[in-house]
Structures are given as C-alpha cells and as structure tokens.
2 protein chains.
Amino acid sequence: MPPREARRIFREGLATGTSGWARGYAQMNLLAVPEDWAYDVLLFAQRNRQPCPVLDVTDAGSAVSALAPEADLRTDLPLYRVWQDGMLVDEPTDVVRHWRGDLVTFLVGCSFTFEFALRQARVPLRHTEQGRNVPMYVTGRECRSAGRVHGPLVVSMRPIPEGMVETAVRVSGLMPDVHGAPVHVGSPADLGIADLDAPDFGDSVDAKHGDVPVFWACGVTLQAAVMASKPPFAVTHAPGHMFVTDTPDSAYRVG
Amino acid sequence: MPPREARRIFREGLATGTSGWARGYAQMNLLAVPEDWAYDVLLFAQRNRQPCPVLDVTDAGSAVSALAPEADLRTDLPLYRVWQDGMLVDEPTDVVRHWRGDLVTFLVGCSFTFEFALRQARVPLRHTEQGRNVPMYVTGRECRSAGRVHGPLVVSMRPIPEGMVETAVRVSGLMPDVHGAPVHVGSPADLGIADLDAPDFGDSVDAKHGDVPVFWACGVTLQAAVMASKPPFAVTHAPGHMFVTDTPDSAYRVG
C-alpha cells in the first residue's frame with residue numbers, strides 16, 4: 001500500500017497502530033508545541049540526538065511537512081494525543097479543532113525504520129511475531145536539558161537471540177537518524193528498569209530461550225519530556241500511531 | 001600534541017590554520033549569534049544538515065562547550081571573525097572584548113574530520129600535499145531557509161584520482177555528522193561554479209592527471225548565511241582556523 005493511501009484511510013478515521021502499514025516508507029514521531037517553546041524543544045532534540053533525531057520542522061501554523069508534501073499533519077495520523085500543562089486531555093483521531101496558528105511541528109525518526117533493516121538482516125522481532133506493540137520503558141537516565149525542556153530517556157526493548165546481537169548493533173548503527181545503535185545490551189537494572197514485564201508504553205513481549213534484551217533510544221522520549229516539562233499546550237501522535245511519510249526507509253541508511 | 005596544548009598555544013595568540021594540529025581530534029566550525037537569532041540559526045541548520053551538522057549548542061552567554069569542557073570559546077581558537085549586519089568588522093585572535101551575555105554559540109562539524117578517514121583509506125589529499133587550505137566555493141544552490149536565515153550552499157573541493165572516488169564516497173558517507181558523502185562528483189558547472197581556480201574561500205589547488213573534482217557540503221555555508229542574512233551581530237571562526245575539541249574524529253564514524 002502506498003503511503004498516500006494509508007494516510008487517506010487514517011484521515012477517514014481508522015484509529016490503528018501503523019506498524020506494518022506502507023511497508024518500506026519511514027514513519028515519524030510527531031510533536032507540535034506553541035512557537036515560544038519551539039527553540040527549547042529543538043535544542044533539547046539537538047542535545048539528545050539519539051532519542052530525538054529531528055528530521056523535519058514546520059514553520060509556525062503550517063500543517064505541511066517536506067517529508068510528505070501532500071499530507072495534512074492535523075488529520076493524516078490515525079490517533080493523536082492533546083496535552084495541557086503536561087496532562088493528557090484528549091486522544092482524538094484528528095486535531096483540526098485543537099489546531100492553533102502558533103504551532104510548530106517536529107517530525108522525529110522512529111524505530112520502525114531500523115526494524116526494516118533488522119528484518120532484512122533476518123534478525124527476528126519478537127513483538128512483531130507476537131502481534132504486539134514494542135515495549136517501551138522510562139529509564140533512570142536524565143536527558144541533557146534545554147531551557148524549560150527536560151525529562152528522562154525512554155528506550156524501546158527487543159529480545160534478540162544472543163548470536164544475532166552483533167548483527168543488530170551493526171545494522172541499526174548504520175541508521176543514526178532513526179536512533180542508531182542500541183544504548184544498552186543486557187541488564188535492565190543498569191538503565192533503572194525494574195521489571196521488563198511492565199513497560200511504561202506499548203506491550204510486554206515474551207523473550208525466547210537464548211534471547212538477550214537489547215535497548216534502543218526511543219522517540220517517546222519527547223512525549224516524556226512534554227509530561228515532565230509541562231508546556232501549556234502540545235499535540236503528539238499516540239504511541240505506535242505514527243506519521244507515514246513518502247520517504248523510503250532506505251534513505252536513512254548511511255554507507 | 002593533545003588538544004588542550006593546541007588550544008593553549010592559540011589562546012596565547014598564535015594565529016595559524018588548524019589543519020594538522022592535534023591530529024585525531026575533531027575540529028569544529030563556530031558561529032555565535034544573539035539569543036533572538038538562535039532559533040532561526042538552529043532551524044536553518046536542521047533544514048540543511050549536510051552543510052550544517054550542529055554538534056553542540058551553548059546556553060546563552062556561556063563560552064563552554066560539552067565537546068571540550070575546559071576550553072574557553074572566546075579565546076581558544078587561533079583566529080575569529082566579527083560581523084555586524086553581515087559585514088566583516090574585525091578579525092581578532094580572541095573575542096573577549098566583543099563578547100556579549102546574550103550570545104548562543106553553535107559548534108558545527110568540519111571536513112577535517114572526514115579527511116582523517118580519507119587518509120586512513122589512502123585517498124590522496126592534494127591540498128595537504130601542496131601545503132594549502134582546501135578550496136571552497138559558493139554554489140548556485142540556495143539552502144532551505146529558516147525564518148530570517150538564508151544563503152547559498154558552500155562546498156569544499158578535493159581532486160581525487162578517478163579510481164578512488166568510490167572509496168572517498170563510501171568512507172565519507174559513514175561520517176554523516178561531518179558532512180557525509182559528497183554532494184556532487186565531476187562538473188563544477190552543475191553547481192554553478194564558474195572557475196575552479198578562483199575559490200571563494202581557501203586556496204586553489206592543482207589537480208593531477210586523472211583526478212576528478214569531488215565536492216562536499218561545507219560548514220562555511222553558515223558564514224555565507226551570516227553574510228546573506230545580516231544578523232545585527234555575529235562571531236565566527238576565521239575559515240580554516242577551527243575550534244579543536246577533545247572528541248576523537250573516530251567518534252563521528254558510524255558502522
């Protein structure tokens with residue numbers, strides 16, 4: 001299915017996770033904030049590039065991104081979250097009535113893109129095999145702050161067969177714009193994660209015998225920063241309900 | 001020579017190009033602008049990441065970068081340029097008396113870092129062989145603008161033996177934070193460059209028989225944007241007189 005067709009279906013109201021949709025095209029995290037918060041957000045992203053690789057930023061009030069010029073950022077994602085003072089106040093399928101002329105929208109790389117490369121390298125993805133969303137965890141590591149914006153590092157976790165960890169590290173490492181190599185392999189406790197079976201976002205996933213937990217920086221770090229930093233207003237995608245772009249996943253592989 | 005020692009010598013007043021100094025450590029382009037211009041500059045860099053890979057941004061007024069925490073950004077480069085309304089007004093060896101409490105400093109990746117990788121791959125560098133600065137050219141390509149900041153793409157050019165162009169593309173492509181793969185191989189006219197012997201910055205360089213001109217995006221693009229966009233005040237490094245960091249060149253290679 002071409003990205004344009006996927007976006008049309010979401011625009012018409014289907015509220016579904018986007019994993020597996022328009023396969024081969026990059027999907028993005030979305031965060032829109034009032035213009036007077038835009039510098040702090042952009043600087044936070046620059047200072048925390050592994051979780052927050054910014055791949056496009058709109059002009060204030062514009063709902064159009066260079067990553068999919070025909071798309072409307074207010075309607076073409078399947079599910080949004082609306083935030084006031086860091087509190088979730090709505091989870092609508094479009095944000096037309098919430099939109100403001102001063103919103104600057106950030107589009108941020110997503111792990112779905114390196115999963116494309118992991119699949120090509122025949123690295124098994126347990127959450128996909130099990131029909132679940134990837135598990136995500138708030139870690140004990142604080143990001144480098146920027147002005148008013150601060151918050152913890154959020155990671156996604158994939159159980160990987162021990163013999164394939166090196167492949168997974170190498171393959172994702174060639175995609176620095178979509179989180180790059182893992183931030184940690186092995187002990188969840190080293191990241192301050194108490195219980196792998198209780199993710200903060202997404203679903204828990206069953207490891208197979210011989211799997212090792214591998215942790216990648218996650219774009220939901222920006223959503224955690226909204227919760228911690230409490231801008232007066234913000235819009236994000238709902239986790240797993242991403243913006244489908246016209247840019248091929250392969251565009252974000254170097255070398 | 002360790003980076004700290006190089007910076008000490010520059011701090012004491014030696015105004016020399018930094019090519020070959022503290023070999024193995026990354027050098028950076030520097031641009032400082034008043035805080036009310038910082039968002040436009042950061043957004044311009046995000047929208048033009050190949051010429052302008054931002055690797056650190058200070059808080060307003062701070063002269064300290066995470067890339068070399070002991071260094072003083074006002075004194076530790078060998079030569080600076082001071083700009084008013086887009087015009088060059090001074091070229092001092094330190095900017096202590098020009099410094100302002102509202103300056104935000106951007107540190108941007110430099111091609112010296114991928115030259116380290118080219119040398120390791122035994123790609124000859126003609127400008128180095130000839131003891132010259134790399135030639136840089138203002139192209140006919142306009143960067144994507146951001147608010148008040150706009151300007152042309154500036155490129156650096158290295159003549160490369162035809163049989164080694166593929167190696168040069170591959171090796172630099174693995175360093176996306178320091179301009180990555182070339183933007184063009186071959187015809188200068190395709191970039192709007194009329195005469196390779198008349199660079200806009202740096203020195204002209206003699207190609208050898210069988211060499212092909214290879215063009216990389218260049219951090220001087222930011223300086224050209226200052227000249228075109230005319231912020232009321234700005235400080236940059238003088239071309240070729242970079243900020244020597246404590247970060248190894250190899251930190252910017254992926255894969």
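How each quantity is defined
- Residues numbered from 1 in each chain as written.
- Chains lettered and ligands numbered in written order.
- Predicted model: local features only at pLDDT ≥ 70, side-chain atom pairs only at ≥ 80, totals over all residues.
- Heavy atoms only, no water.
- UniProt positions renumbered as here; feature names shortened; annotations may be inferred.
- 1 Å grid on protein atoms, 1.4 Å probe; cavity = no way out; pocket = protein on both sides within 12 Å on 5 of 7 lines; lining within 4 Å.
- Points joined across faces, edges and corners; volume = space filled by probe spheres on them.
- Helix = DSSP H or I, 4+ residues; strand = E, 2+ residues; numbered from the N terminus.
- Nonpolar A, V, L, I, M, F, W, Y, C, P; charged D, E, K, R; others polar.
- Domains from an automatic or database assignment.
- Least-squares fit on C-alpha atoms with pLDDT ≥ 70 in both.
- Contact = heavy atoms within 4.5 Å.
- Core = buried A, V, L, I, M, F, W, Y, C linked by side-chain atoms within 4.5 Å.
- Buried < 20%, exposed > 50% of the residue type's maximum accessible area, 1.4 Å probe, protein only.
- Buried area = accessible area lost by both parts, 1.4 Å probe.
- Salt bridge = Lys/Arg side-chain N within 4 Å of Asp/Glu carboxyl O.
- Polar contact = N/O pair within 3.5 Å; in protein donor to acceptor, adjacent residues only side chain to side chain.

Going by an unreviewed UniProt entry, chain A carries the name Putative hydro-lyase LZ495_17760 and comes from Yinghuangia soli. In UniProt, chain A has this text filed under Sequence similarities (unreviewed entry): "Belongs to the D-glutamate cyclase family."

(A) Quick look at the layout of surface pockets. A volume near 1,300 Å³ is recorded for the largest pocket. Residue lining of the largest pocket: 44 residues in total, with A:Arg49, A:Pro176, A:Asp177, B:Leu55 and B:Asp177 positioned closest to the centre. Looking at the lining of the largest pocket, the elements with two or more residues in it are helix H2 (35–47) of chain A together with helix H2 (35–47) and strand E2 (54–57) of chain B. No other element matches the 4 residues that H2(A) contributes to the lining of the largest pocket. Of the residues that constitute the lining of the largest pocket, the class distribution is 23 nonpolar, 12 polar and 9 charged.

(B) Expanded view of empty space enclosed by the protein. All names here are of chain A. Following the criterion strictly, the structure yields 8 cavities of 30 Å³ or more and no others. What the largest cavity holds in volume is close to 150 Å³. Residue lining of the largest cavity: 17 residues in total, with Gly20, Arg23, Gln27, Phe112 and Arg119 positioned closest to the centre. Put simply, the parts of the chain that give the lining of the largest cavity at least two residues each are strand E1 (25–34) and helix H3 (112–120). Residue classes in the lining of the largest cavity are distributed as 6 nonpolar, 7 polar and 4 charged. Here the lining of the largest cavity spans two domains, since at least three of its residues come from each of domain 1 (3–110 + 229–252) and domain 2 (112–220).

(C) Structural view of the relation of the copies chain A and chain B. With an RMSD of 0.0 Å, chain A superimposes on chain B once it is rotated by 180 degrees and translated 0.0 Å along the axis. What we have between these two chains is a two-fold relation. When each C-alpha of chain A is compared by its distance to the rotation axis, A:Tyr39 comes out closest, at 2.7 Å. Take the interface residues of chain A: 100% of them recur as interface residues in chain B, which is what a same-surface contact looks like.

(D) How the structure looks around the nonpolar core. Within the largest apolar cluster, 66 residues are counted, with the highest numbers of intra-cluster contacts made by A:Tyr39, A:Phe106, B:Tyr39 and B:Phe106. Here B:Phe106 is in contact with A:Tyr39, B:Asn29, B:Leu30, B:Leu31, B:Val33, B:Ala38, B:Val41, B:Leu42, B:Val54, B:Asp56 and B:Val57, once residues within four sequence places are set aside.

(E) Region of the structure containing the interface of chain A and chain B. The partner chain B presents 23 residues to the 23 residues of chain A that form the contact. Of the roughly 1,800 Å² buried at the junction of chain A and chain B (both faces included), carbon and sulfur atoms supply 52%. Applying the counting criterion to the chain A and chain B interface returns 6 salt bridges. Across the contact surface, chain A and chain B share 10 residue pairs in polar contact (both at pLDDT 80 or more). At the level of secondary structure, the elements contributing two or more residues to the side of chain A that touches chain B comprise H2, strand E2 (54–57) and strand E5 (103–109) of chain A. In terms of residues, the side of chain A that touches chain B owes the most to one element, H2(A), which gives 6 residues. In the side of chain A that touches chain B, the residues fall into 13 nonpolar, 4 polar and 6 charged.

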